[in-house]
Amino acid sequence: MMIAIRYYIKLPLLICVLGAFLSSGCMYRSQTPQLYTLKPLKRPEAAYNFISKFMVSVGPVIMPDHLKRSQVVIRTSENQVSFSEFHKWAGSLKDDTKRVLAENLGILLEGAGGTVSTDDILGEPDYRVTVNINRFEGNPGDFVFLNAVWSIKDQKNRKIIYGAKTVFKQKVHGNQLLDMVNAQSLSLEALSIEIAAEIKKLHSAA
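Scoring rules and cut-offs
- Residues numbered from 1 in each chain as written.
- Predicted model: local features only at pLDDT ≥ 70, side-chain atom pairs only at ≥ 80, totals over all residues.
- Heavy atoms only, no water.
- Core = buried A, V, L, I, M, F, W, Y, C linked by side-chain atoms within 4.5 Å.
- Buried < 20%, exposed > 50% of the residue type's maximum accessible area, 1.4 Å probe, protein only.
- Helix = DSSP H or I, 4+ residues; strand = E, 2+ residues; numbered from the N terminus.
- Contact = heavy atoms within 4.5 Å.
- Salt bridge = Lys/Arg side-chain N within 4 Å of Asp/Glu carboxyl O.
- pLDDT = per-residue confidence, 0-100.
- Axes fitted to C-alpha atoms, helices over the stretch in contact; angles between N-to-C directions.
- Parallel < 35°, antiparallel > 145°, perpendicular 65-115°, else oblique.
- Left-handed = near helix turned anticlockwise from the far one by under 90°.
- Nonpolar A, V, L, I, M, F, W, Y, C, P; charged D, E, K, R; others polar.

### Observations regarding the nonpolar core
Val 131, Phe 136 and Leu 191 are the most contacted members of the largest nonpolar core, which totals 41 residues. A per-element tally of this core places helix H3 (residues 177-205) first, with nine residues. Those residues in contact with Val 131, other than ones at most four positions away along the chain, are Pro 60, Val 61, Ile 62, Leu 101, Ala 148, Val 149, Trp 150 and Leu 191.

### A short note on the environment of Val 167
Note on placement: Val 167 falls in strand S8 (residues 159-171). For Val 167, the contacting residues outside a window of four places in its chain are Leu 146 and Asn 147.

### Structural notes on the pattern of salt bridges
Summed over all chains, the structure comprises 12 salt bridges. Ionic pairing is found between Arg 43 and Glu 110, a salt bridge with its closest N-O pair at 3.6 Å. With a gap of 67 residues between them, Arg 43 in the loop between strand S1 (34-36) and strand S2 (54-62) and Glu 110 in the loop between helix H2 (93-108) and strand S5 (114-118) connect regions that are remote in the sequence. Note on Arg 43: relative accessible area 47%, which makes it partly exposed. Accessibility expressed as a relative area gives 16% for Glu 110, which makes it buried.

### Here we look at the confidence of the model for the protein
With 83% of its residues at a pLDDT of 70 or more, the protein shows a mean pLDDT of 86. Counting contacts from residues 13-18, a segment whose pLDDT is below 50, to residues more than four positions away or on other chains yields one contact. Predicted confidence is poor over residues 21-29, with pLDDT under 50, and the contacts of this stretch with residues over four places away or in other chains come to zero contacts.

### Let's talk about the packing of H2 against H3
Between H2 and H3, the least distance of the axes is 9 Å, while the angle of their chain directions is 50°. When the interaxial angle is binned, H2 and H3 end up oblique. In this structure, H2 meets H3 at a crossing whose hand is right-handed. Residues Thr 97, Val 100, Leu 101, Asn 104, Leu 105 and Leu 108 of H2 lie in contact with H3, whose contacting residues are Leu 188, Glu 189, Leu 191, Ser 192, Ile 193, Ile 195, Ala 196 and Lys 200. Of the residues in the contact of H2 with H3, the class split is nine nonpolar, three polar and two charged.

### Description of the side chain of Asn 104
Assignment of secondary structure puts Asn 104 in helix H2. When its relative accessible area of 1% is taken as the criterion, Asn 104 is described as buried. In contact with Asn 104, not counting residues within four places along its chain, are Pro 40, Leu 41, Leu 188, Glu 189 and Ser 192.

### Digging into the environment of Leu 177
Along the chain, the position of Leu 177 falls in helix H3. Residue Leu 177 is classed as buried on the basis of its relative accessible area, which comes to 13%. Once residues within four sequence positions are removed from consideration, Leu 177 is found in contact with Tyr 36, Val 72, Ile 74, His 87 and Pro 140.

Written out as structure tokens, the structure is:
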């Protein structure tokens, strides 16, 4: 004789179990990493036919190891930084910085006839811009700091014709990570303007 055994779960208990399962699923989805990229200058509409007069290559861009991670770096004190698994760069900060610098310089030098790309593409440009970034992080609601040593090389004569150290302190207008990334983009914009001004001087004097 077979005895059928049935198990009954009370409705309140079932609701609690389902609730816990669904809430854990929602929590998992809410912790999907947010991805960030740096933003270049807005390109104006060209009102003339562009004629390339000289070429500029950007790279290499050098960064300290703690900025090579996929996570966005937050500077919590002079001797301490923090990383978040849920706020990451869409690519790498190093490559994104080089890309934005090249795009910015291309826009800023367009009127002078400059064609700009990264060193991955241009092999023998007229000028090569190398940037060594020592600091490029900040804190939401506070400031972003960009410390960079950069040089301009006359590629054909194989010699450095200009070098400088630049330090920027950019206010972060907001308390979100996106606000900090926007401030980083503004810092790169300021650096690009400084580099472009020197390239124009050097090329006009050549």
